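Coordinate analysis (summary)
Listed here are the chains, written in short residue letters.
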Amino acid sequence: MLLGQKRILVTGGAGFLGSHLCHRLLQDGHEVLCVDNFFTGTRRNIEHLLDNRRFELLRHDVTFPLFVEVDEIYNLACPASPVHYQFDPVQTTKTSVLGAINMLGLAKRLKIRILQASTSEVYGDPTVHPQPESYWGHVNPVGLRACYDEGKRCAETLFFDYQRQHQVKIKVARIFNTYGPSMRPDDGRVVSNFICQALKAEDITIFGDGSQTRSFCFVSDLIDGLVRLMESPDEIMGPINIGNPAEFSILELAEKIRVLTGEKSKIIRKPLPSDDPKQRRPEIVEAKKLLGWQPYISLDEGLGRTIPYFESLVGRVRRAAA
Ligand code: NAD
Ligand code: UDP
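Structure report, in brief. (Residues numbered from 1 in each chain as written. Chains lettered and ligands numbered in written order. Predicted model: local features only at pLDDT ≥ 70, side-chain atom pairs only at ≥ 80, totals over all residues. Heavy atoms only, no water.)

What the protein chain contains, in helices and strands, is 10 helices and 13 strands. The C-alpha atoms of the protein chain give 19 Å as radius of gyration, which agrees with the globular expectation for 322 residues (20 Å, within 12%). Over its C-alpha atoms, taken along the principal directions, the protein chain stretches across nearly 65 × 45 × 40 Å. Within the protein chain, contacts between residues separated by at least 24 positions form 81% of all contacts whose residues are at least 6 apart in sequence. Surface accessibility of the protein chain: about 14200 Å² in total, with carbon and sulfur atoms responsible for 53%. Here the protein chain carries 40 positive and 39 negative side-chain charges, and the mean point of each set is 1 Å from the other. (Helix = DSSP H or I, 4+ residues; strand = E, 2+ residues; numbered from the N terminus. Rg over C-alpha atoms; globule rule 2.2 N^0.38 Å. Contact = heavy atoms within 4.5 Å. Areas by Shrake-Rupley, 256 points an atom, 1.4 Å probe, with all protein chains shown as cover. Lys, Arg positive; Asp, Glu negative; His and termini not counted. Charge placed at Lys NZ, Arg CZ, Asp CG, Glu CD.)

Take a look at the structure:
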């Protein structure tokens, strides 16, 4: 191997964020072992990487132990969309908890760094706004989102206990809503839903009154934050928020997507799912100070890069003139 080149394991590497991360790490000159069970990930996301001799793909479920030799681990395996993580909630918790135990065990044996893709969902329906890393959160432990939220919270606990008990070199990133090319059209998350609905001349489905807020980060900014965290000194462990602090209501998002797609879809209301957080916005002082990281891509610019990707997948239905 060349000087500085590492062999890096990316679990969930065929998913939305994982495939962008694999691409970035290959670009940086590393070898990448992508591990995925293809629950929500697709071969299409990594097809362009398969010819690269430094890229290797392994079909494997992280709830089972994995014995490989690598220099670093990014642990991303876990469905992230409410629709997908609620499809088999027991498996979702297993993926977060057993997946963390298996990957931390691997990091412990190999004495290597491991980064956990945690989430803003650890803050639940937050009563503190914006959310700093010091906020402990407001999560319903028995609700429909708990399989994901509590699974991710337990994974964070495991990361810090492996660090304290076994001196594993950990990095925990709390990722806020991220979007961009390579999301599945049937992913169920709001950005992909709204863009596909607009392109297909369907009604845009707002859950509740649309006043709930989210802060949307474009994928390339997010990946840069993860890599910076992994490459930071050992004492920077996190948890650290990675997200774009520009906050929008879901209604504002729907209107933006109507303008940017040039489509006149009707906006309709659907019931608000239970425990849907009312507001979400990252405090990113820590990321700026410790990693020199901040997002650069505005929502308009990011949507402008994302809409053509979905158009290439689902096409565009032209409406008859009124
Ligand atoms: P995704 O669903 O596109 O990717 C998850 C990947 O993990 C998929 O390829 C899936 O097949 C794989 N996977 C699921 N269970 C697995 C298992 N048991 N074994 C092996 N592979 C498994 O989601 P994403 O948006 O790319 O999210 C990636 C990670 O980032 C997740 O851990 C998610 O919780 C976290 N995250 C994402 C966001 C976001 O907005 N995208 C926000 C917060 C946190
Ligand atoms: N949402 C919506 N219509 C949709 C999909 C989602 O109004 O078709 C809302 C959802 O209720 C939530 C927000 O958009 O308030 C973000 O939802 P998403 O599933 O993308 O992520 P999360 O709730 O996990 O942040």
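Back to the text.
Quick look at the sheet that holds strand E2 (residues 31-36) now. Spatially, seven strands are ordered E3-E2-E1-E4-E5-E6-E11 in an open sheet, and the strand pairing comes out parallel. Lying at the two open borders of the sheet, with one neighbouring strand each, are strand E3 (55-59) and strand E11 (240-242). The average angle at which neighbouring strand axes cross in this sheet is 20 degrees, direction not considered. Here E2 pairs with E3 via five bridges, running parallel. Looking at E3, one finds that Asp36 is bridged to Arg59. Against the sheet, helix H1 (residues 16-27) makes contact with strand E1 (7-11), E2, E3, strand E4 (72-75) and strand E6 (169-175), and its axis sits at roughly 170 degrees relative to E1, the strand it touches most. (Pairing = 2+ DSSP bridges. Axes fitted to C-alpha atoms, helices over the stretch in contact; angles between N-to-C directions.)

Further remarks concern the site of ligand 2. As a structural note, the neighbourhood of ligand 2 is formed by 18 residues, with Thr205, Phe207, Arg214, Asp276 and Arg280 the closest of them. Interatomic distance of 2.9 Å between a side-chain N/O atom of Arg145 and an oxygen atom of ligand 2. Between ligand 2 and Arg280 there is a distance of 2.6 Å, counted from an oxygen atom to a side-chain nitrogen or oxygen. Those elements giving two or more residues to the shell around ligand 2 turn out to be helix H6 (190-199) and strand E8 (204-207). Of the residues that constitute the shell around ligand 2, the class distribution is seven nonpolar, five polar and six charged. (Near = heavy atom within 4 Å. Polar contact = N/O pair within 3.5 Å; in protein donor to acceptor, adjacent residues only side chain to side chain. Nonpolar A, V, L, I, M, F, W, Y, C, P; charged D, E, K, R; others polar.)

This brings us to the site of ligand 1. The full set close to ligand 1 counts 30 residues, and Leu17, Asp36, Thr40, Tyr148 and Lys152 are the nearest of them. A distance of 3.3 Å is found between an oxygen atom of ligand 1 and a backbone nitrogen or oxygen belonging to Cys78. Protein contact buries 97% of the 830 Å² of open area that ligand 1 shows by itself. When residues of the shell around ligand 1 are traced back to their parent elements, those giving at least two are H1, helix H4 (89-110), strand E5 (113-119) and helix H5 (146-166). No other element matches E5, which puts three residues into the shell around ligand 1. Per-class residue counts for the shell around ligand 1 are 14 nonpolar, 12 polar and four charged.

Below, the discussion takes up the nonpolar core. Burial of nonpolar side chains together is a common tendency in soluble globular proteins. Counting residues in hydrophobic clusters, the biggest one holds 59 residues, and the most contacted among them are Tyr74 and Leu303. In terms of residue count, the dominant contributor to this core is helix H7 (residues 219-231) (seven residues). Excluding residues that lie within four positions of it along the chain, Leu303 makes contacts with Tyr179, Val191, Ile195, Leu253, Lys256, Ile257, Leu260 and Pro308. Listed in part, the 26 residues of the second largest apolar core include Ala77, Leu158, Phe160 and Val168. (Core = buried A, V, L, I, M, F, W, Y, C linked by side-chain atoms within 4.5 Å. Buried < 20%, exposed > 50% of the residue type's maximum accessible area, 1.4 Å probe, protein only.)

Here the focus is the side chain of Ser182. As for its placement among the helices and strands, Ser182 is situated in the loop between strand E7 (178-179) and H6. Once residues lying within four places of it in the same chain are set aside, the contact partners of Ser182 are Phe16, Ser19, His20, Asn45 and Tyr309.

Between His129 and Pro130 the backbone carries a cis peptide bond, its omega angle lying at -10 degrees. Relative to the helices and strands, Pro130 is located in the loop between E5 and H5. Positioned with a positive phi, Lys111 is a non-glycine residue whose angle comes to about 55 degrees. In this fold, Lys111 is placed in the loop between H4 and E5.

So, about the packing of aromatic side chains. Applying the stated rule across the entire model yields seven aromatic pairs. With 4.3 Å between their ring centres and 5 degrees between their planes, Tyr85 and Tyr148 make a pair best called stacked. Taken together, the residues span a long stretch of sequence, with Tyr85 in helix H3 (residues 82-85) and Tyr148 in helix H5 at a distance of 63 residues. Judged by its relative accessible area of 1%, Tyr85 falls in the buried class. (Phe/Tyr/Trp six-rings, centres within 6.5 Å; stacked < 30°, edge-to-face > 60°.)

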